[in-house]
Amino acid sequence: MNCKELVYLLGDYLDGTMEEQLRGELDVHIEMCDSCTNFLNTYDKTRIICRQVQLNEIPEEFRERLRSFVIAKAREHHKGIEKYLALAAEERRKEVRSLLRAFREKRLSPSLSVLFDAHRNRCEICGAFIRALNGGEDPASVPPEIEEHFAEFLDALPPGEEPYRS
Amino acid sequence: MHAERLFDDNVLLEELRKGSDEAVEVLFQRFHGKIYGLAMSILKNESDAEEAAQDVFLTVFQKAHTFKGNSALYSWIYRICVNACLMRLRGKRRQETVSIEEFMPVFTEDGMHASPVGDWSKEVERKMLDKELGNVIKKFTEDLSEKYRVVFVLSDVEGLSNEETAQILGLTVPAVKSRLHRARLYLREELSRYLREGKVA
């Protein structure tokens, strides 16, 4: 072990990740070398006093400006998401309406007819809802739960098959 | 919603995704100081640091849904911050930095110290409360090139572990250790010269 090697290994020596035997070799060298003892002390002290360096503080004026920016952008961002979700919901509402109309006018595709019949026999609320339609007019509104069930038919449609004849 | 719940990282992110104003406020209060300080230490310019801080918050909002919680929130945000700063640096003229080689210790051919090393560790302890010393150290770190400065600030100033620093910067742990070691050697030498000459060269 010489001074150059010791200096190279100081980081590991100080952070305690050094293997016992190597640490012993460094200790022996430090014991008999004044320059290395001093180097170790000053290197370690450098590390310690740097902990006390404070990061730059944000000026008050910047802080307020940054805060207003952050709050405004967060709202804008969230509004963007809400708008997107509202559009998607509106789109789905329209699709379900067309689906119900196609059902009443017997324009459903073969697989969708099967799915529709199977579902309304199995699902109480959808069954009741469809019976209540009773061949009459378009319903004023479709309850969300029922809308969800009907939307699932569209997702279950075999690829390439149109849901209904236009 | 109790405000204390927002100190849980995952709850905070969940509330941010829902658009809670309170969560935005907590996020801002918890991180704006660190983000700005870190950005200043990398960019060394107030208006650049302010713009980088804005970028960081925007990215956090946009990517809130991708935070998985397998690393701490602060280290995720530090990574976003470092990236935002490095992007900004890329577009700029390279800053003047010292050549770190000039500050590396010198050895004889057989690996002995080329000149005797003095011990100023006790002396500096007495100056530790001195504001000037703090400013001098800060100036020395600002002279470091960004390659060393970022590692040094995260590990030795912010006190993160080498593993965390490596993760934030996308470096290996040995690379972090080696940069950190060289940064400390540089600072040790700058401090030696400063204490010997009583002024910044």
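A. Broad picture of the overall build of chain B. Of regular secondary structure, chain B possesses nine helices and zero strands. Helices and strands appear in chain B in the N-to-C order α-α-α-α-α-α-α-α-α. Judged by the C-alpha coordinates and their principal axes, chain B covers about 65 × 35 × 30 Å. With 201 residues in all, chain B has 38% of them scored as buried.

B. Broad picture of the overall build of chain A. If you tally the helices and strands in chain A, you get seven helices and zero strands. Against the globule reference of 15 Å for 166 residues, chain A gives a C-alpha radius of gyration of 37 Å, more extended than a compact globule. For chain A, the spread of C-alpha atoms along the three principal axes comes to 100 × 50 × 30 Å. Within chain A, the fraction of its 166 residues that count as buried is 16%. For chain A, the share of sequence-separated contacts (at least 6 apart) that also reach a separation of at least 24 residues comes to 65%.

C. Spotlight on the domain arrangement of chain A. Here chain A is described as being made up of domain 1 (3–50) and domain 2 (60–156). Computed over C-alpha atoms, the centres of domain 1 of chain A and domain 2 of chain A are 69 Å apart.

D. Examining the nonpolar core more closely. Residues and elements named next belong to chain B. Among the nonpolar cores identified, the biggest contains 61 residues, and Ile35, Ala39, Ala53, Val56, Cys81 and Val151 are the most heavily contacted of them. Here this core gets 12 residues from one element, more than from any other, and that element is helix α2 (residues 21–43). Leaving out residues up to four positions away in the same chain, Val151 has contacts with Thr165, Leu169, Val176, Arg179, Leu180 and Ala183.

E. Quick look at the packing of helix α7 (residues 146–157) of chain B against helix α8 (residues 162–169) of chain B. Residue and element names in this part refer to chain B. Contact geometry for α7 and α8: axes closest at 9 Å, N-to-C directions at 140°. As the angle between them shows, α7 and α8 are arranged oblique. Considering only the axes of α7 and α8, their crossing is right-handed. Touching Val150, Val151, Leu154 and Ser155 of α7 are Asn162, Thr165, Ile168 and Leu169, all from α8.

F. View of the domain arrangement of chain B. All names here are of chain B. According to the domain assignment, chain B consists of domain 1 (3–90) and domain 2 (100–197). A separation of 28 Å is found between the C-alpha centroids of domain 1 and domain 2. Contact with domain 1, which involves 10 residues of that partner, is made by nine residues of domain 2. Of all the secondary-structure elements, those providing two or more residues to the side of domain 1 that touches domain 2 are α2 and α4 (73–90).

G. Region of the structure containing the interface of chain A and chain B. Across the boundary between the two partners, chain A contributes 34 residues, which contact 45 residues of chain B. Secondary-structure elements contributing two or more residues to the side of chain A that touches chain B are α1 (3–15), α3 (34–50) and α4 (60–104) of chain A. Split by residue class, the side of chain A that touches chain B holds 15 nonpolar, 11 polar and eight charged.

H. Structural context of the confidence of the model for chain A. In the predicted model, chain A carries a mean pLDDT of 86, and 98% of its residues have values of at least 70. No element of chain A has a lower mean pLDDT than helix α7 (residues 144–156) of chain A, at 82, and none a higher one than helix α2 (residues 20–32) of chain A, at 94.

I. Structural detail: the packing of helix α6 (residues 124–133) of chain A against α7(A). Residue and element names in this part refer to chain A. In the contact formed by α6 and α7, the axes pass within 10 Å of each other and the chain directions differ by 100°. Relative to α7, the element α6 is oriented roughly perpendicular. Taken together, the residues of α7 that come into contact with α6 (itself represented by Ile125, Cys126 and Phe129) are Glu145, Ile146 and His149. Partitioned by chemical class, the residues of the contact of α6 with α7 number four nonpolar, one polar and one charged.

J. Molecular detail of the environment of B:Arg79. Mapped onto the fold, B:Arg79 is located in helix α4. Sequence separation of B:Arg79 and B:Thr165 is 86 residues, and the distance between their C-alpha atoms is 9.1 Å.

About the cut-offs
Residues numbered from 1 in each chain as written. Chains lettered and ligands numbered in written order. Predicted model: local features only at pLDDT ≥ 70, side-chain atom pairs only at ≥ 80, totals over all residues. Helix = DSSP H or I, 4+ residues; strand = E, 2+ residues; numbered from the N terminus. Buried ≥ 20, exposed ≤ 12 C-beta atoms within 10 Å, placed from the backbone. Rg over C-alpha atoms; globule rule 2.2 N^0.38 Å. Contact = placed C-beta atoms within 7 Å. Domains from an automatic or database assignment. Core = buried A, V, L, I, M, F, W, Y, C linked by C-beta atoms within 7 Å. Axes fitted to C-alpha atoms, helices over the stretch in contact; angles between N-to-C directions. Parallel < 35°, antiparallel > 145°, perpendicular 65-115°, else oblique. Left-handed = near helix turned anticlockwise from the far one by under 90°. Nonpolar A, V, L, I, M, F, W, Y, C, P; charged D, E, K, R; others polar. pLDDT = per-residue confidence, 0-100.

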